[in-house]
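A look at the structure
Spelled out from the first residue to the last, the chains are:
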Amino acid sequence: MPTVTPRSLAPATPPMTDDDARWRAVQQRDGSADGQFWYSVRSTGVYCKPSCGARTPLRKNVAFHGSCAEAEAAGFRPCKRCKPDQPPLAQRQAQAVAQACRLIEQAAQLPGTEELALAVGLSRYHFHRLFKLHTGLTPRAYAEAHRAGRLREQLAGSHSVTTAMYDAGFNSSGSFYASSTAQLGMKPGVYRDGGPGEQIRFAVAQCWLGAVLVAATGRGICSVTLGEDADTLVRQLQDRFPRAELAPGDAAFEQTLAQVLAALEDPARATALPLDVRGTAFQQRVWQALRAVPPGVTLSYAELAARLGQPTAVRAVANACAHNEIAVLIPCHRIVRLDGSRSGYRWGVERKAALLEREARQALQAPKQGRD
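So, here is what we can say about the structure in this document. (Residues numbered from 1 in each chain as written. Predicted model: local features only at pLDDT ≥ 70, side-chain atom pairs only at ≥ 80, totals over all residues. Heavy atoms only, no water.)

**Quick look at the environment of Val212**
Note that Val212 resides in strand 6 (residues 210-217). Exposure remark for Val212: the relative accessible area of 0% places this residue in the buried category. In the structure, Val212 is positioned 48 residues away from Val260 in sequence and 9.4 Å away in space, judged by C-alpha atoms. Discounting residues that sit within four places of it in the chain, Val212 has contacts with Ala203, Val204, Ala205, Cys207, Val224, Thr225, Leu226, Leu233, Leu261 and Leu264. (Helix = DSSP H or I, 4+ residues; strand = E, 2+ residues; numbered from the N terminus. Buried < 20%, exposed > 50% of the residue type's maximum accessible area, 1.4 Å probe, protein only. Contact = heavy atoms within 4.5 Å.)

See the structure below:
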């Protein structure tokens, strides 16, 4: 579930003390000077930020101030255009989106976009655009993802699917059953009971990364996990679906296992394997985008968010990567920090480093092999 928090402001730089430099900043509408000083205009009686888009005043009418309080003490009122007494626009927008997220999370019923926009003081169109820009989801998709999370929590602690349905915010059984199976990956009652009747075949093997567990439903591979100990990996699968029918892989499943092991050796083979991925619509978009990142290539979370067309949804992208249950086949290991350093990896940073180093070597060798 994406978490939205207002962006923090960069540490303030020392205020400009040279009036000539201040005046140049006003003439250039220099946003980097915002917060360093404010200027007032005698002919209009207002004070502004250096970046204000209003018509540039005459220099003789301008005075400079070190704070909003100083400008107001001199008898000037804040400009209605640049709102110098308020936080920067980007921060105000982030705060509005964060407020909308809290309203969604606290509402008993899913609020409409119009209602949310009104609550945060924005037009419907502007609010919808900003919300998607900051979270990577539409308000409705965010609400549905949050409700799906609440449903999982309610089902885990409830003896009644109906009770869990209403506690999670569904107001009709029709809408509940229409969406819950897709969100949970199985029927609600089956999920609540720990997956009884859900048949999952699995096998554990040893590979160059240690122990690897591969599990699959009839729809495709649902889990690939890595670790040091095979028994631990099996227990983790059992904890995830305590009442599912877990069966050791048969002869047909051995082929699936062999394909996964081959993909660990040659990552280019991973894209051909069918997967049974379960997550929110946004998570699935992220995972699909990850599968399109070729071996030997790394992206930052910001670059992956940009590929999705939602450059400010960096935290939501990182969250989706963290919830990936299918190691290597959904290659979240190819996502690194903005400076290129390796970020965390649920199966160990050492394995992430080994995967990236191996893929980099194979990418260098591929052109040479093509010339032979």
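**Concerning the nonpolar core**
Ranked by internal contacts, the top residues of the largest apolar core, which has 58 residues, are Ile221, Val286, Leu290, Leu304, Val317, Cys321 and Leu329. Grouped together as the second largest cluster of nonpolar side chains are 14 residues, Val26, Ala33, Cys48 and Cys52 included. (Core = buried A, V, L, I, M, F, W, Y, C linked by side-chain atoms within 4.5 Å.)

**Comments concerning the packing of helix 12 (residues 281-291) against helix 14 (residues 314-322)**
At their nearest, the axes of helix 12 and helix 14 sit 9 Å apart, and the two run at 80 degrees to each other. As far as their axial angle goes, helix 14 and helix 12 are roughly perpendicular. Of helix 14, the residues touching helix 12 (which contributes Phe282, Gln283, Val286, Trp287 and Leu290) are Ala316, Val317, Asn319, Ala320 and Cys321. When grouped by side-chain class, the residues that make up the contact of helix 12 with helix 14 number eight nonpolar, two polar and no charged. (Axes fitted to C-alpha atoms, helices over the stretch in contact; angles between N-to-C directions. Parallel < 35°, antiparallel > 145°, perpendicular 65-115°, else oblique. Nonpolar A, V, L, I, M, F, W, Y, C, P; charged D, E, K, R; others polar.)

**Considerations on the side chain of Asn61**
Relative to the helices and strands, Asn61 is located in the loop between strand 2 (46-48) and strand 3 (62-65). Once you skip the residues sitting within four places of it in the chain, Asn61 turns out to touch Ser40, Val41, Arg42 and Ser43.

**Some words on unusual backbone geometry**
Here the phi dihedral of Arg29 falls at roughly 50 degrees; this positive angle occurs in a residue that is not glycine. With respect to the element layout, Arg29 can be found in the loop between helix 1 (19-27) and strand 1 (38-41). Take Arg29: its relative accessible area is 35%, and that puts it in the partly exposed class. You will see that Val328, though not glycine, has its phi angle at about 70 degrees, which is positive.

**Points about the sheet that holds strand 7 (residues 220-227)**
Read from one edge of the open sheet, four strands run 7-6-5-8, paired in mixed fashion. Edge strands, defined here as strands with exactly one partner in the open sheet, are strand 7 and strand 8 (245-248). Here the average twist between neighbouring strands, direction ignored, is 25 degrees. Pairing between strand 5 (residues 199-207) and strand 6: seven bridges, direction antiparallel. By the bridge assignment, Gln206 is partnered in strand 6 with Ala211. Sheet strands touched by helix 10 (residues 230-240): strand 5, strand 6, strand 7 and strand 8. Its angle to strand 6, the strand with the most contacts, is close to 30 degrees. (Pairing = 2+ DSSP bridges.)

**Describing the sheet that holds strand 2**
Read across the open sheet, the four strands follow the order 3-1-2-4; overall the sheet is mixed. The open sheet has two edge strands, strand 3 and strand 4 (77-78), and neither has a second partner. Pairing geometry for strand 2 and strand 4, over two bridges, is parallel. Residue pairing for strand 4: Val46 is matched across the bridge by Arg77. Strands strand 1 and strand 3 of the sheet are contacted by helix 1, whose axis makes an angle of about 110 degrees with strand 3.

**With respect to the state of the cysteines**
One pass over the structure, following the stated rule, counts zero disulfides. With no disulfide of its own, Cys52 lies 3.7 Å from the sulfur of Cys82, the closest cysteine sulfur. Cys68 takes part in no disulfide bond, and the closest cysteine sulfur to it belongs to Cys82, at a distance of 9.2 Å. Residue classification places Cys68 among the buried positions, given a relative accessible area of 17%. (Disulfide = S-S within 2.5 Å.)

**Describing the packing of aromatic side chains**
This model, assessed by the stated rule, comprises three aromatic pairs. A ring pair is formed by Phe37 and Phe64, whose centres lie 5.7 Å apart and whose planes are at 85 degrees; its orientation type is edge-to-face. Highlighted residues: Phe37 in the loop between helix 1 and strand 1 and Phe64 in strand 3, separated in sequence by 27 residues. Look at Phe64 and you get buried, because its relative accessible area is 11%. Where Tyr345 meets Trp347, the ring centres are 5.4 Å apart and the plane angle is 70 degrees; that geometry is what we call edge-to-face. Trp347 matches Tyr345 in its accessibility class, with the two residues each being buried. It is Arg358 that lies over the ring of Trp208; its NZ or CZ is 4.3 Å from the centre. (Phe/Tyr/Trp six-rings, centres within 6.5 Å; stacked < 30°, edge-to-face > 60°. Lys NZ or Arg CZ within 6 Å of the ring centre and 35° of its normal.)

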